[in-house]
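Chain residues, written in single-letter form:
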Amino acid sequence: QVQLVESGGGLVQAGGSLRLSCAASGRTFSSYAMGWFRQAPGKEREFVAAINWSGGSTYYTDSVKGRFTISRGNAKNTLYLQMNSLKPEDTAVYYCAAKLTYGLGPKPDDYNYWGQGTQVTVSS
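The sections below set out a description of the structure shown in this document. (Residues numbered from 1 in each chain as written. Predicted model: local features only at pLDDT ≥ 70, side-chain atom pairs only at ≥ 80, totals over all residues. Heavy atoms only, no water.)

The next thing to look at is the packing of aromatic side chains. Both the distance between ring centres and the angle between the ring planes are used here to describe each pair of aromatic rings. A complete count under the given rule lists seven aromatic pairs for this structure. Relative to Phe-47, the ring of Phe-37 lies with its centre 5.5 Å away and its plane at 75 degrees, an arrangement referred to as edge-to-face. Of this pair, Phe-37 sits in strand S4 (residues 33-39) while Phe-47 sits in strand S5 (residues 46-52), placing them ten residues apart in sequence. Residue classification places Phe-37 among the buried positions, given a relative accessible area of 0%. (Phe/Tyr/Trp six-rings, centres within 6.5 Å; stacked < 30°, edge-to-face > 60°. Helix = DSSP H or I, 4+ residues; strand = E, 2+ residues; numbered from the N terminus. Buried < 20%, exposed > 50% of the residue type's maximum accessible area, 1.4 Å probe, protein only.)

The phi angle at Ser-85 is positive, at roughly 50 degrees, despite the residue not being glycine. Within the element layout of this structure, Ser-85 appears in the loop between strand S8 (78-83) and strand S9 (92-99).

Let us look at the state of the cysteines. Enumeration over the complete set of coordinates arrives at one disulfide. With a sulfur-sulfur separation of 2.0 Å, Cys-22 is cross-linked through a disulfide to Cys-96. With the S-S bond torsion at -70 degrees, the cross-link from Cys-22 to Cys-96 turns out left-handed. Within this pair, whereas Cys-22 is found in strand S3 (residues 18-26), its partner Cys-96 is found in strand S9, the two being separated by 74 residues in sequence. Residue class for Cys-22 comes out buried when judged on its relative accessible area of 1%. (Disulfide = S-S within 2.5 Å.)

Right, let's get into the pairing of S3. In terms of strand pairing, strand S1 (residues 2-7) meets S3 through six bridges, oriented antiparallel. Looking at the pairing, Gln-3 lines up with Ser-25 of S3. The pairing of S3 with S8 spans six bridges and is classified as antiparallel. Opposite Cys-22, over in S8, you have Leu-79 as the bridge partner. (Pairing = 2+ DSSP bridges.)

Turning to the side chain of Thr-118, a few remarks are in order. Its place among the elements puts Thr-118 in strand S11 (residues 118-123). On the basis of relative accessible area, Thr-118 is assigned to the buried category, the value being 10%. In this structure the side chain of Thr-118 is engaged in a polar contact, spanning 3.1 Å, whose partner is the backbone nitrogen of Gly-9. Once residues lying within four places of it in the same chain are set aside, the contact partners of Thr-118 are Glu-6, Ser-7, Gly-8, Gly-9, Leu-20, Ala-92, Val-93 and Tyr-94. (Polar contact = N/O pair within 3.5 Å; in protein donor to acceptor, adjacent residues only side chain to side chain. Contact = heavy atoms within 4.5 Å.)

Turning to the side chain of Ser-21, a few remarks are in order. For Ser-21, the position within the fold is in strand S3. Dropping the residues within four chain positions of it, Ser-21 is found in contact with Val-5, Glu-6, Ser-7, Trp-36, Leu-79 and Tyr-80.

With that settled, consider the sheet that holds S3. In a beta sheet, neighbouring strands are held together by backbone hydrogen bonds and run either parallel or antiparallel to one another. The strand order across the open sheet built from four strands is S1-S3-S8-S7, with neighbouring strands paired in antiparallel fashion. Across the chains shown, the open sheet's two edge strands, defined by having one partner strand only, are S1 and strand S7 (68-72). Taking the axes of each pair of neighbouring strands and ignoring which way they run, one obtains an average angle of 15 degrees across the sheet. (Axes fitted to C-alpha atoms, helices over the stretch in contact; angles between N-to-C directions.)

Written as structure tokens, this is what we have:
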């Protein structure tokens, strides 16, 4: 059992930055990977980035490469998403998720635990 709580969302202008945080608790040792997803109004939930337990492997969707950085705290209980050069199309609710099975897969159905989400709004 893993509990996840996101924070750090807000309203920013295009070109600005935000850092999202995800606090994890419970049986976090059982999670192979952590990921960030986002969901805009009327759209399907979309993969953003994932990182394995050690932090040695990462995977990003093409639309955020070079702008976003996923990382884990030293204690492995906090997940971060540094978001730079934000664009209006980045506007969405951002979710933290934990995956129990091997791999940094982009499919939401492969992730077992989810946070409540935090709103990110980028104005043009």
